[in-house]
Amino acid sequence: MSLPSSIKCLSFDQPIAWMLFNGKTIHSQRYLVAHRGLALVHAGNLNKRLLKQQTLPPETLLPTQSIIGSIKLVGCHWSDEPQDGCEAYAYHWYFENSCLWEQPVPFIAKSPLFDVPLKAVETYGFKI
């Protein structure tokens, strides 16, 4: 059996990406994702509206346009009800086992779910 050459990566605006490593285990999105299992987490743009609503670190401490860690996506289900800060009438994504990396890996995302070549993160010393 050959080893995979890439890994799935999910992109979230900051501070959502930061929150996934600091207690958030469920997040609502408007689309279904079929992937289950380990995925990388990409911190995209800074959402200033969300920054005003939460008690968070200063925006200068929130990396953007970087892969910042890994997480396990364990489920994705449609919900008509709000749940744990998630919107109603949306897909609720369920996460566990988040692992924030000590150093972000600079990376520009082209879509919310994409493949990252393993070599791109191994160059920075990370083994998946």
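Conventions and cut-offs
- Residues numbered from 1 in each chain as written.
- Predicted model: local features only at pLDDT ≥ 70, side-chain atom pairs only at ≥ 80, totals over all residues.
- Heavy atoms only, no water.
- Helix = DSSP H or I, 4+ residues; strand = E, 2+ residues; numbered from the N terminus.
- Rg over C-alpha atoms; globule rule 2.2 N^0.38 Å.
- Buried < 20%, exposed > 50% of the residue type's maximum accessible area, 1.4 Å probe, protein only.
- Contact = heavy atoms within 4.5 Å.
- Areas by Shrake-Rupley, 256 points an atom, 1.4 Å probe, with all protein chains shown as cover.
- Lys, Arg positive; Asp, Glu negative; His and termini not counted.
- Charge placed at Lys NZ, Arg CZ, Asp CG, Glu CD.
- Pairing = 2+ DSSP bridges.
- Salt bridge = Lys/Arg side-chain N within 4 Å of Asp/Glu carboxyl O.
- 1 Å grid on protein atoms, 1.4 Å probe; cavity = no way out; pocket = protein on both sides within 12 Å on 5 of 7 lines; lining within 4 Å.
- Points joined across faces, edges and corners; volume = space filled by probe spheres on them.
- Nonpolar A, V, L, I, M, F, W, Y, C, P; charged D, E, K, R; others polar.

(A) Structural view of the overall build of the protein. In terms of helices and strands, the protein carries three helices and six strands. Secondary structure elements in the protein, listed N-terminal to C-terminal, are β-α-β-β-α-β-β-β-α. The C-alpha atoms of the protein give a radius of gyration of 15 Å, which matches the 14 Å a tight globule of 128 residues would have. Dimensions of the protein along its principal axes, counting C-alpha atoms only, are 40 × 35 × 25 Å. Across the 128 residues that make up the protein, the buried fraction comes to 41%. Across the protein, contacts joining residues at least 24 apart in sequence account for 73% of those joining residues at least 6 apart. Counting every atom, the protein has about 7,600 Å² of accessible surface; 54% of that belongs to carbon and sulfur. One finds the centroid of the 11 positive side-chain charges in the protein at a distance of 6 Å from the centroid of its 10 negative side-chain charges.

(B) Up close: the pairing of strand β4 (residues 66–79). Within β4, ten of the 14 residues are buried, which leaves the element mostly enclosed by the surrounding structure. Where strand β3 (residues 37–46) lies against β4, seven bridges are found, and the strand directions are antiparallel. Among the inter-strand pairings, L40 is bridged to a residue of β4, identified as S70. Sheet topology places β4 next to strand β5 (residues 90–106); eleven bridges connect them, and they run antiparallel. Across the sheet, residue I67 finds its bridge partner in β5, namely V105.

(C) View of unusual backbone geometry. Geometrically, the link from Q14 to P15 is a cis peptide bond, its omega value of 15° lying close to zero. On the secondary structure map, P15 appears in the loop between β1 (6–14) and α1 (16–20). Residue Q65 is not a glycine yet carries a positive backbone phi of 50°. Assignment of secondary structure puts Q65 in the loop between α2 (48–53) and β4. In this structure Q65 comes out as partly exposed when scored by relative accessible area, which is 23%. With a phi angle near 45°, D84 is a residue other than glycine that sits in the positive phi range.

(D) Looking closely at the pattern of salt bridges. Scanning the entire structure with this criterion turns up four salt bridges. The partner of R30 in a salt bridge is E87, and the shortest N-O contact between them spans 2.6 Å. Placement of the pair is R30 in the loop between β2 (26–29) and β3 and E87 in the loop between β4 and β5, with a sequence separation of 57 residues. Using a relative accessible area of 55% as the deciding quantity, one classes R30 as exposed. Put simply, E96 and K72 hold a salt bridge, and the shortest N to O gap is 3.9 Å. Placement of the pair is E96 in strand β5 and K72 in strand β4, with a sequence separation of 24 residues. A relative accessible area of 34% means that K72 is categorised as partly exposed.

(E) Expanded view of the layout of surface pockets. Here the largest pocket is characterised by a volume of approximately 540 Å³. Residue lining of the largest pocket: 25 residues in total, with D13, I16, H27, Q29 and L50 positioned closest to the centre. Secondary-structure elements contributing two or more residues to the lining of the largest pocket are β1, α1, β2, β3 and α2. Looking at the lining of the largest pocket residue by residue, the classes come out as seven nonpolar, 13 polar and five charged.

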